[in-house]
Amino acid sequence: MSTRTSFDKDISIVISLYNEAESLTELTAWITSVMDREGYSYEIIMVDDGSTDGSWEKIACLARENRAIRGISFRRNYGKSAALYCGFKAAAGRVVITMDADLQDSPDEIPEMYRMITEGGYDIVSGWKQHRKDNKLTKNIPSKIYNAAARKITGIHLHDMNCGLKAYRNEVVKNIEVYGEMHRFIPYMAKNAGFSRITEKPVHHRKRKYGKSKFGVSRFVNGFLDLLSIWFLCTFGKNPMHFFGLTGILMFLTGGIIAVWLIASKLIHQSNGLDFRPVTEQPLFYLALVAVLIGVQLFLSGFISELVSRNSSERNHYNIKDTI
């Protein structure tokens, strides 16, 4: 018999926030208006990421007025990935929507994104802010460069990988683990978990009404480093020897061949009475030795990584689509 899953709600809206008390009343009123108009059963899960401006008190007040609102409060600031992880864990809706609390994401986009998941058969619908209302120099241009690199590395052709407004099939968020600062790459994590039906939808982007952005230019540098990390983990996470072993062998052979060639060349010249340069006086010989040593270290690193991987609790974790 096939496994069936029932959901308590049509939509779970997960909102990660940090010091956004000013916008919460307007945001929840807007979301409620859209949900009531469309007739959806829904829940709003607000995750307060250690705010210090009274955001949690505001959430508690709103929850008393609207039973659809639920709140999770961190004792300190852990980051957006941690907030989304806890929100995903609590989500009971058929479709899970993520959005920011700064009113730059429009709740009016939710109904169409919901239909693309439920009727269009997509696993993820990512928002695409075609006309950004941010500073062009500090946000728009770095964002375009970052997204171009992300498309090249991940193979997922999204124009705005980091857009906070996204819709997920519930099974997607229950089968991935968001940690560190990996919230930027949830589509890539989902793809590697077997959820490959990913598309995007142009969405309206509004100017920030209250407060200021919590992210600086440094997030693009950190984001690129995180992108390389998750690419490596998704590609070689279960078989690290395939990377370290191959790289180590190539370096070992390259250094070994160069060293042998230098020694053989010296011996040939010496035996024929020709001028020769001592091997130990040639910088290339020492570079070859360094390559040999690094190759051995990489190869041994591969063995150690394999031992760690074999003892991981996730070594036999597989996402099962269905059973009969």
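Now for a quick tour of the structure. (Residues numbered from 1 in each chain as written. Predicted model: local features only at pLDDT ≥ 70, side-chain atom pairs only at ≥ 80, totals over all residues. Heavy atoms only, no water.)

## Digging into the sheet that holds strand β7 (residues 198–202)
Logical step 1: On the basis of which strands lie adjacent, the open sheet formed by seven strands has the order β3-β2-β1-β4-β6-β5-β7 and mixed pairing. Taken across any chain shown, the strands that pair with only one partner, and hence form the sheet edges, are β3 (69–73) and β7. For this sheet the average axis-to-axis angle between neighbouring strands, irrespective of direction, equals 20 degrees.
Logical step 2: Looking at chain direction, strand β1 (residues 9–17) and strand β4 (residues 93–100) are connected through seven bridges and run parallel. (Pairing = 2+ DSSP bridges. Helix = DSSP H or I, 4+ residues; strand = E, 2+ residues; numbered from the N terminus. Axes fitted to C-alpha atoms, helices over the stretch in contact; angles between N-to-C directions.)

## A look at a nonpolar patch on the surface
Logical step 1: Taken together, the side chains of Ile-249, Phe-252, Leu-253, Ile-257, Val-296, Leu-300 and Phe-303 define a hydrophobic patch exposed on the protein surface, amounting to about 650 Å² of accessible area.
Logical step 2: Elements with a contribution of two residues or more to the nonpolar patch: α9 (241–271) and α10 (283–310).
Logical step 3: Ranked by residues supplied to the nonpolar patch, first place goes to α9 with four residues.
Logical step 4: Its place among the elements puts Phe-303 in helix α10. (Patch = residues over 30% accessible without salt bridge, like charges linked within 9 Å, V, L, I, M, F, W, Y side chains within 5 Å. Areas by Shrake-Rupley, 256 points an atom, 1.4 Å probe, with all protein chains shown as cover. Salt bridge = Lys/Arg side-chain N within 4 Å of Asp/Glu carboxyl O.)

## Observations regarding the side chain of Ser-81
Logical step 1: Residue position: Ser-81 is located in helix α3 (residues 80–90).
Logical step 2: Residue Ser-81 is classed as buried on the basis of its relative accessible area of 0%.
Logical step 3: One polar contact links Ser-81 to His-183, side chain to side chain, over a distance of 2.8 Å.
Logical step 4: Those residues in contact with Ser-81, other than ones at most four positions away along the chain, are Val-178, Tyr-179, Gly-180, Glu-181, Met-182 and His-183. (Buried < 20%, exposed > 50% of the residue type's maximum accessible area, 1.4 Å probe, protein only. Polar contact = N/O pair within 3.5 Å; in protein donor to acceptor, adjacent residues only side chain to side chain. Contact = heavy atoms within 4.5 Å.)

## Observations concerning the packing of helix α1 (residues 21–38) against helix α4 (residues 110–118)
Logical step 1: Contact pair α1 / α4: the axes reach a minimum separation of 10 Å and the direction vectors enclose 55 degrees. For the element pair α1 / α4, the angle class is oblique. Residues Val-34, Met-35, Arg-37 and Glu-38 of α1 form the contact with α4, whose participating residues are Ile-110, Pro-111 and Arg-115.
Logical step 2: A class-by-class count of the residues in the contact of α1 with α4 yields four nonpolar, no polar and three charged. (Parallel < 35°, antiparallel > 145°, perpendicular 65-115°, else oblique. Nonpolar A, V, L, I, M, F, W, Y, C, P; charged D, E, K, R; others polar.)

## Remarks on the pattern of salt bridges
Logical step 1: Following the criterion strictly, the structure yields eight salt bridges and no others.
Logical step 2: For Glu-112, the salt bridge goes to Arg-115, with nearest N and O atoms at 3.5 Å. With Glu-112 and Arg-115 both in helix α4 and three residues apart, this pair spans about one turn of that helix.
Logical step 3: Residue Arg-115 is classed as partly exposed on the basis of its relative accessible area of 31%.
Logical step 4: Several salt bridges converge on common partners, so that one network encompasses Arg-37, Glu-38, Asp-108, Glu-112 and Arg-115.

## Topic: empty space enclosed by the protein
Logical step 1: Inspection of every chain in the model, using the stated rule, returns one cavity of 30 Å³ or more.
Logical step 2: Within this model, the largest cavity holds a volume of roughly 100 Å³.
Logical step 3: Surrounding the largest cavity, 15 residues form its lining, Lys-80, Leu-84, Thr-98, Cys-163 and Gly-164 being those nearest its centre.
Logical step 4: Contributing elements (two or more residues each) for the lining of the largest cavity: β1, α3, β4 and β6 (166–169).
Logical step 5: Broken down by element, the lining of the largest cavity gets its largest block of residues, three residues, from β4.
Logical step 6: Residues of the lining of the largest cavity, tallied by class, amount to six nonpolar, five polar and four charged. (1 Å grid on protein atoms, 1.4 Å probe; cavity = no way out; pocket = protein on both sides within 12 Å on 5 of 7 lines; lining within 4 Å. Points joined across faces, edges and corners; volume = space filled by probe spheres on them.)

## Some words on the nonpolar core
Logical step 1: If you look at the biggest cluster of nonpolar residues, it comprises 33 residues, and the most contacted ones within it are Ile-11, Ile-13, Ile-15, Ile-31, Met-35, Ile-97 and Met-99.
Logical step 2: Every element with two or more residues in this core is listed here: β1, α1, β2 (42–48), α2 (55–65), β4 and α4.
Logical step 3: Not counting residues within four places of it along the chain, the set of residues in contact with Ile-15 comprises Leu-27, Ile-31, Ile-44, Ile-45, Met-46, Val-47, Met-99, Asp-100 and Ala-101.
Logical step 4: If you look at the next biggest cluster of nonpolar residues, it comprises 31 residues, including Ala-83, Tyr-146, Val-173 and Leu-227. (Core = buried A, V, L, I, M, F, W, Y, C linked by side-chain atoms within 4.5 Å.)

Worth remembering: the numbers are spatial, not functional.
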